[in-house]
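Listed below are the residues making up each chain.
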Amino acid sequence: MLWQRAEQVRTNHRDSMPDPVVTRFAPSPTGFLHIGGARTALFNWLYARGRGGKMLLRIEDTDRERSTQAAVDAILDGLSWLGIAWDGEVIFQFARSARHREVAEQMLASGHAYRCYASAEELTQMREAARREGRSKLYDGRWRDRDPREAPPSVKPAIRLKAPLTGETVIDDQVQGRVAWQNENLDDLVLLRSDGTPTYMLAVVVDDHDMGVTHIIRGDDHLTNAARQKQIYDSLGWHVPTMAHIPLIHGPDGSKLSKRHGALGVDAYRAMGYLPPALRNYLVRLGWSHGDQEIFSTEEMIEAFDLPQIGRSPARFDFAKLENLNGHYIRQSADAELVTAIDRLLLHLANGANLAAKLTPRLRQQFLTAMPSLKERAKTLIDIIDGAHFLFADRPIPLDDRAKALLTLEAKALLGETAQELIAVEPWTSEGIEQAVRRLAERRGLKLGAVAQPLRAALTGRITSPGIFEVLAVLGKEESLGRVLDQLTDADVSLRAP
RNA sequence: GCGCCCUUCGUCUAGCGGUCUAGGACAUCGCCCUUUCACGGCGGAAACACGGGUUCGAUUCCCGUAGGGCGCGCCA
């Protein structure tokens, strides 16, 4: 069994080597894998990988109402896409409730827990009174030492921890430092509900122990829970794992991260055209630093990552920096890899199927040829797709407003001349085309831009694009001339064919 | 309300008592490159929340104040 194995591992190593590092990522499957969870997973993964350890994955699905299989799938899919691999089988917490109950019974037997018969109304009253009087202890421990024979016959008891009354509970946190709570402020938490199901507090402690978790790295929204969990560990006589509570990610305005801010599922980042290495790089630098280094390969991250360098203040999510980093990784990527990445991305885009259908072998080749200049101009994969719109467009290609405005009568006349020049170009190479166009501009005493811009408008339908000679070369002679001629059909402009 | 945590350029951060005229990155502004847009290069502007201590000396240590966050369920 899982916990026996963990126990065994622990004993075997007690006198020899320090325990191998075991971390865990423990999301509850009530929604997608959001960006904060992704960072927590990344930190756990990096820490384990950097020390030859393991990162386990536990799905905290004890809330039967809110847990869904779709959410489990989304979490696994999100982690996989991000390149964060967990070790071993995925553990589902709900499946372990018998074990949790067993531990609660054990604590009852050893006198570390007791049955509480307080009713929901009583509890509410106690809570309200405590708040009113400024006390932080919400449950007064009224059944702690009371004779169970006094129990009301109709009430099913919950099992509560007999927490220490005096002294303090201390967590030596790798990120937060020494954090202490006065025990008089902590009340007796519920271990087992009256319906016999374990609470989160109990389940987490038991699972982390049984799984042999050595390092708990999680959001600092759990810091207060850590104190209560420490009390459970102590009651059980179990070794407390090393804790590291990392600050949460905030929105750009410093408030809680909302959907509008970027609290999206990682699938949304995929759909926005971000690359996993870029997202990982962005996330690892959010709250953690390694001197002045900004760019980290996966290997470098694993090598450099450590807990003490994590800051204690919450970081704000900044799309601009993510974009910049993504642009960096896009420029860094091989052209073929980007085409492949876009192939995969198309599966997740609303109009992806349409574009995918257009990707004939010929177009794919054009796409690949254009990639060096496309990726230079892109911050996301979506930018690349958008930049390549001139490849996907069908004749006659639609012109946007600014392109239309650019194609004045004079411009069209010039375009006509350019077309004549181009007809003579052979072979159809970027260099040959450039020579021809430059020659024309020179002969007419024009700046290159004066010739290039109308050409760009006619070929791409826009006023910005990759280098115009590359566009011409990639499109091919026939298509290029066709697009130019499409713009010259007005009665007042005629191309005098030779 | 109670408990706990946080506070260096707009943002992410370096700094771990003198090296700070506070460094880097993103964003921003200017210039250069240039067929557009980018990329790239160069340069500029930009911060130690406030008030007390401790110390020969505080961005660094301590205490307050202010501001922000998290937690406070028989949710996870």
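How should I be thinking about the layout of surface pockets in this particular structure?
Over the atoms, a rolled probe matching the size of one water molecule traces out where space is still vacant. Counted as a void, the largest pocket has a volume near 1,100 Å³. S28, H34, G37, D221 and H222 are the residues nearest the centre of the largest pocket, which is lined by 37 residues in total. When contributions to the lining of the largest pocket are tallied by element, the ones reaching two or more residues are β1 (22–25), α2 (35–49), β9 (215–219) and β11 (249–250). Sort the elements by how many residues they give to the lining of the largest pocket and α2 lands first, with six residues. The class makeup of the residues in the lining of the largest pocket is 15 nonpolar, 13 polar and nine charged.

Is there a simple way to explain the environment of T199 in this structure?
As for its placement among the helices and strands, T199 is situated in the loop between β8 (190–192) and α6 (200–210). A relative accessible area of 10% places T199 in the buried class. Here T199 is in contact with V190, L191 and R193, once residues within four sequence places are set aside.

Looking at this model, I keep getting lost on the protein's contact with RNA strand B. Mind explaining?
The full set close to RNA strand B counts 68 residues, and R193, G287, R312, E376 and R456 are the nearest of them. Of what RNA strand B places within 4 Å of the protein, 71% of the atoms are sugar or phosphate. Note that a sugar or linking oxygen of RNA strand B is positioned 3.0 Å from one of the side-chain N or O atoms of D63. At 3.1 Å, a side-chain N or O of N324 approaches a sugar or linking oxygen of RNA strand B.

Is there a simple way to explain the packing of helix α12 (residues 335–346) against helix α14 (residues 361–376) in this structure?
To describe two helices that pack against each other, one gives the angle between their axes and the distance between the axes. Remark: α12 packs on α14, axes separated minimally by 9 Å, with the N-to-C direction vectors making an angle of 110°. If you check the angle between α12 and α14, you find them roughly perpendicular. At the point where α12 passes α14, the crossing takes the right-handed sense. Between α12, through D335, A336, L338, V339, I342 and D343, and α14, the contact on the second element is made entirely by R364, F367, L368, M371, P372 and K375. Across the contact of α12 with α14, the residue classes tally to eight nonpolar, no polar and four charged.

Even after reading the chapter, I still don't get the sheet that holds β8, so can you show me in this structure?
Within a sheet, adjacent strands bond to each other through the backbone by hydrogen bonds, running parallel or antiparallel. Spatially, the three strands line up as an open sheet ordered β4-β5-β8, and their pairing is antiparallel. Whereas interior strands pair on both sides, the edge strands pair on one side only; in this sheet they are β4 (113–116) and β8. The average undirected angle you get between the axes of adjacent strands in this sheet is 45°. Pairing of β4 with strand β5 (residues 158–161) involves four bridges; the strand directions are antiparallel. Bridge pairing links A113 to L161 in β5.

Looking at this model, I keep getting lost on the packing of aromatic side chains. Mind explaining?
A ring pair, where both rings are aromatic, is described by two values, the distance of the centres and the angle of the planes. Taken as a whole and assessed by the stated rule, the structure comprises ten aromatic pairs. On the basis of an interplanar angle of 20° and a centroid distance of 6.0 Å, the ring pair of Y269 and F319 is categorised as stacked. Note that Y269 is positioned in helix α8 (residues 266–271) and F319 in helix α11 (residues 319–332), a separation of 50 residues in sequence. Residue F319 is classed as partly exposed on the basis of its relative accessible area, which comes to 26%. Here the aromatic residues Y269, Y274, Y282, F317 and F319 are joined through ring pairs into a cluster of three or more. Looking at R51, its charged tip hangs above the ring of Y47, at a distance of 3.7 Å from the centre. Seen from the ring of Y139, R160 lies directly overhead, with NZ or CZ sitting 3.6 Å from the centre.

Explain the nonpolar core to me, please; I cannot follow it from the model alone.
In a soluble, globular protein the nonpolar side chains are often hidden away together inside. The biggest cluster of nonpolar side chains holds 101 residues, and the ones touching the most others in it are F367, I384 and L391. The biggest single contributor to this core is α2, with nine residues. The contacts of L391, once residues within four sequence positions are left out, are L363, Q366, F367, A370, V474 and L475. Ranked by size, the runner-up nonpolar core spans 34 residues in total, among them V22, A113, M211 and V213.

Conventions and cut-offs
- Residues numbered from 1 in each chain as written.
- Chains lettered and ligands numbered in written order.
- Predicted model: local features only at pLDDT ≥ 70, side-chain atom pairs only at ≥ 80, totals over all residues.
- Heavy atoms only, no water.
- 1 Å grid on protein atoms, 1.4 Å probe; cavity = no way out; pocket = protein on both sides within 12 Å on 5 of 7 lines; lining within 4 Å.
- Points joined across faces, edges and corners; volume = space filled by probe spheres on them.
- Helix = DSSP H or I, 4+ residues; strand = E, 2+ residues; numbered from the N terminus.
- Nonpolar A, V, L, I, M, F, W, Y, C, P; charged D, E, K, R; others polar.
- Buried < 20%, exposed > 50% of the residue type's maximum accessible area, 1.4 Å probe, protein only.
- Contact = heavy atoms within 4.5 Å.
- Near = heavy atom within 4 Å.
- Polar contact = N/O pair within 3.5 Å; in protein donor to acceptor, adjacent residues only side chain to side chain.
- Axes fitted to C-alpha atoms, helices over the stretch in contact; angles between N-to-C directions.
- Parallel < 35°, antiparallel > 145°, perpendicular 65-115°, else oblique.
- Left-handed = near helix turned anticlockwise from the far one by under 90°.
- Pairing = 2+ DSSP bridges.
- Phe/Tyr/Trp six-rings, centres within 6.5 Å; stacked < 30°, edge-to-face > 60°.
- Lys NZ or Arg CZ within 6 Å of the ring centre and 35° of its normal.
- Core = buried A, V, L, I, M, F, W, Y, C linked by side-chain atoms within 4.5 Å.

All quantities given are derived from atomic positions and should not be read as evidence of function.
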